[in-house]
Each structure stands twice: as structure tokens, then as C-alpha cells.
Amino acid sequence: RGRGGLVLLLEPFHLLGVSPRDDGAAIGEAAENAVFDGTLSEATAIKAQQELMSPRLRLGAELGWLPGVAPSRVRALLDGGFDRALTDGLPPLAAANLAAHHCAAGGRASPQRLVLSFHQNSDLQEVLRDVNAERRAAGFPEATVELAEEAYEKLSKRHVDALVDGMVGREHPGLELLELLEDHTDCSPRLAAFLDALLERFDAWALADIQRAHDAISEKLRAFNKNPASIAGGGSADDLDSGD
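Given the structure is predicted, the values throughout are model-derived calculations rather than measurements. (Residues numbered from 1 in each chain as written. Predicted model: local features only at pLDDT ≥ 70, side-chain atom pairs only at ≥ 80, totals over all residues. Heavy atoms only, no water.)

1. Side note on the packing of aromatic side chains
Short version of the rule: What counts as a ring pair is set by centres within 6.5 Å for rings of Phe, Tyr and Trp (its six-membered ring), and what kind of pair is set by the plane angle: stacked under 30 degrees, edge-to-face over 60, tilted for all other angles. Counting from the N terminus, the helices are DSSP H or I runs at least four residues long and the strands are E runs at least two residues long. Summary of the burial criterion: residues with accessible area below 20% of their type's maximum are buried, those above 50% are exposed, and those between are partly exposed, where the area comes from a 1.4 Å probe applied to protein chains only. Placement of a charge over a ring requires the Lys NZ or Arg CZ to be within 6 Å of the ring centre, with the centre-to-atom vector within 35 degrees of the ring normal.
Summed over all chains, the structure comprises 3 aromatic pairs. Centroid distance Phe118 to Tyr152: 6.4 Å. Interplanar angle 50°. Geometry classified as tilted. A residue pair is termed long-range when its members are at least 10 positions apart, and Phe118 in helix α7 (residues 112-121) and Tyr152 in helix α9 (residues 145-167) qualify at 34 residues. Here the two residues Phe118 and Tyr152 agree in accessibility, since each one is buried. We note Arg58 situated over the ring of Phe140; from NZ or CZ to the ring centre the distance is 4.0 Å. The ring of Tyr152 is capped by Arg190, whose NZ or CZ atom sits 4.5 Å from the centre of that ring.

2. Things to note about the nonpolar core
Threshold: Take the buried Ala, Val, Leu, Ile, Met, Phe, Trp, Tyr and Cys residues and link them wherever side-chain atoms come within 4.5 Å; each set so joined is a nonpolar core. Every residue pair with non-hydrogen atoms within 4.5 Å of one another is taken to be in contact.
Grouped together as the largest cluster of nonpolar side chains are 62 residues, with contacts concentrated most on Leu16, Leu63, Leu163 and Leu198. Among all residues touching Leu16, those that are not within four sequence positions of it are Ile27, Ala30, Ala31, Leu40, Ala45, Ala48, Gln49 and Leu52.

3. Remarks on the packing of helix α3 (residues 42-53) against helix α4 (residues 55-63)
Basically, it comes down to this: What counts as an axis is a line fitted to C-alpha atoms, over the stretch in contact for a helix, and the angles between N-to-C directions run from 0 to 180 degrees. Here the word oblique covers every angle except those under 35 degrees (roughly parallel), over 145 (roughly antiparallel) and from 65 to 115 (roughly perpendicular). For this classification, the nonpolar set comprises Ala, Val, Leu, Ile, Met, Phe, Trp, Tyr, Cys and Pro, the charged set comprises Asp, Glu, Lys and Arg, and every other residue, Gly included, is treated as polar.
At a closest axis distance of 5 Å, the pairing of α3 and α4 adopts a crossing angle of 100°. Comparing their axes, α4 and α3 come out roughly perpendicular. From α3, Gln50, Glu51, Leu52 and Met53 reach across to α4, where they touch Pro55, Leu57, Arg58 and Ala61. Classifying every residue of the contact of α3 with α4 by side-chain character gives 5 nonpolar, 1 polar and 2 charged.

4. A look at the side chain of His159
Among the secondary structure elements, His159 is positioned in helix α9. You can call His159 buried: its relative accessible area is 0%. Setting aside its immediate chain neighbours within four residues, His159 contacts Leu6, Leu93, Ala96, Asn97, Ala100, Val115, Phe118, His119 and Phe194.

5. Quick look at α3
Rules: Here the expected span of a helix is defined as 1.5 Å times the quantity of residues minus one. Think of the arc as the fan of directions from the helix axis to the C-beta atoms.
A rise of 1.5 Å per residue sets the reference length of α3, with its 12 residues, at 16 Å; its end C-alpha atoms lie 16 Å apart and thus fit the reference within 8%. Where α3 is concerned, the buried positions are Ala45, Ala48, Glu51 and Leu52. Buried residues along α3 cover an arc of 125° about the axis, so they all sit on one side. What points out from α3, more than 90 degrees from its buried face, is the exposed set Glu42 and Ala43.

6. Quick look at the pattern of salt bridges
How we decide: We define a salt bridge as a side-chain nitrogen of Lys or Arg found within 4 Å of a carboxyl oxygen belonging to Asp or Glu.
According to the stated counting rule, one finds 13 salt bridges in the structure shown. Of the charged contacts in the structure, one is a salt bridge between Asp183 and Arg113, with a shortest N-O distance of 2.6 Å. In this pair, Asp183 sits in helix α10 (residues 173-183) while Arg113 sits in helix α7, placing the two residues 70 residues apart along the sequence. The partner of Arg190 in a salt bridge is Glu149, and the shortest N-O contact between them spans 2.9 Å. Here the residue Arg190 occupies a position in helix α11 (residues 189-226), and Glu149 occupies one in helix α9, the gap between them amounting to 41 residues. Judged by its relative accessible area of 31%, Glu149 falls in the partly exposed class.

7. Description of the environment of Val168
Considering the arrangement of structural elements, one finds Val168 in the loop between α9 and α10. With 38 residues separating them in the primary sequence, Val168 and Ala206 have C-alpha atoms 8.9 Å apart.

8. Describing the side chain of His101
To keep it simple, the criterion reads: Any pair of nitrogen or oxygen atoms within 3.5 Å is treated as a polar contact; in protein, a donor-acceptor pairing is required on top of that, and neighbouring residues in sequence qualify only through side-chain atoms on both sides.
Along the polypeptide, His101 turns up in helix α6 (residues 92-104). Among the polar contacts listed, one links the side chain of His101 to the backbone nitrogen of Leu8, at a separation of 2.9 Å. Apart from the residues within four sequence positions on either side, His101 is in contact with Leu6, Val7, Leu8 and Leu9.

9. Examining the packing of α7 against α9
Keep this limit in mind: By definition, turning the near helix anticlockwise from the far helix through less than a right angle yields a left-handed crossing, and turning it clockwise yields a right-handed one.
Viewed as axis vectors pointing N to C, α7 and α9 meet at an angle of 160°, and their least axial separation amounts to 11 Å. By the angle between their directions, the pair α7 and α9 is classed as roughly antiparallel. Once α7 is placed against α9, the crossing between them reads as left-handed. Across the interface between the two elements, Gln112, Val115, Leu116, Phe118 and His119 of α7 pack against Tyr152, Ser156, His159, Leu163 and Met167 of α9. In terms of residue class, the contact of α7 with α9 is built from 6 nonpolar, 4 polar and no charged.

Take a look at the structure:
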């Protein structure tokens, strides 16, 4: 799943080519066909099948997918790039997951606010209505609020990773993050926790980047101190600025 963020093309429903409305028999058949056709390795197909057959694991997959969206529309949503118009009429979680998918995949669009909007106004009861309607159609037991809270925490982390993955690939990630924080000073407890996690994850990335630069500079200085002529093949000390 990319660098940890939510990428819909790597979710078990997409890997097996099934819908949340498909029953266990259809999921098993899809896994067998994927291995037979060479679409997936046996290990990947089995893992995807297990995720969709286990009630607890399945809820994580459902919340990481597009709950409440018809299969035909799912295909249309995944076929192209991000377009805000495509999210019109989508359930809030489905819109947030689609936005997170495009962030994690490095899309040029910046749909982070759809993700933040979901966490600002998230209603797990509403999410469960969509999830359980599909579970009933597929013959799976309905999920509880307690399980949904647990799955929500994991989904929240994947949304954080997706947003950071998207920001660090652009020209001014720190400024982009600052603008997001300034635009959401008045937020719900869920969104406040989400933004705290986002800032912490971004700081971890920034510190690692600074450490790599520090290590590279330190290595250059050690080499120069040991043998000044080693820099730039014996060139002048001014060549140190060239990065060669």
C-alpha cells in the first residue's frame, strides 16, 4: 500500500475484482481465478481473501474502500484522475477515501480537504448503515460500533500517511501543511486528533530529511578534513558548494 497511505488499487476488493455486495463463494472463486490467471500470486490472493472473509479484518477493508457506492460507479471513479465533480453525491467516507487515494498516489490535485471534512463531521453510525447494508446483501454478519471505532483508528492513520505522502512530493510541503492547519482551527475532537497525528507524522518526515542532509554534509567535511585535494578531484575549496 504505497508508503502506508490508502491506495484503492491495492485494496482487497480491487485486487480480487469483487464488490462488498459479493458473498463468500464469489470471493473464493475470484481468488482462485486470480491465481489461475496469473493476475495475483497465491500469497497475495489468499491474503486478500482472508481480509474479506474475516469479520474483523473485513471491516478495515470496507472502511478503506468506497462504502455505499454502486460497483459500476466505483469502476468509473478509479479509471481516471481526481476531479472534484466526481465526488458529488458520494457518501463522505467514500469521498475521503477517493481523495486520500489520489494524495497517496502522488496526484497533482490537492483534495486533502475532503479527507479533513470527513474527520471533522465523521458519523460512524452513518458509515455503518452503508457497510451493513452491503453486508446483508453479501450474507455477512453486521458490524458493531465498537468494531467500527477500532477500524476508524486504523483508517485515520492511513489517511494521515496518504496526506503526508502527497504533500512531501510537492514544492512547498511545509507551507501546504500550515495552510491546512490555519484553515481548520475550529475543529471537532476527531479532527483535532487527526491534525495532531498529521503534524507528528510530517515532523517525523522533516526530521529524517534534515538528518539525511546533515549526514551528507558531515561526510563531505570528514573527507575534506582528511584530504582537501579529494574534493572535486583536487579542485579548490570553492568547489565544495557544487555538491560534487
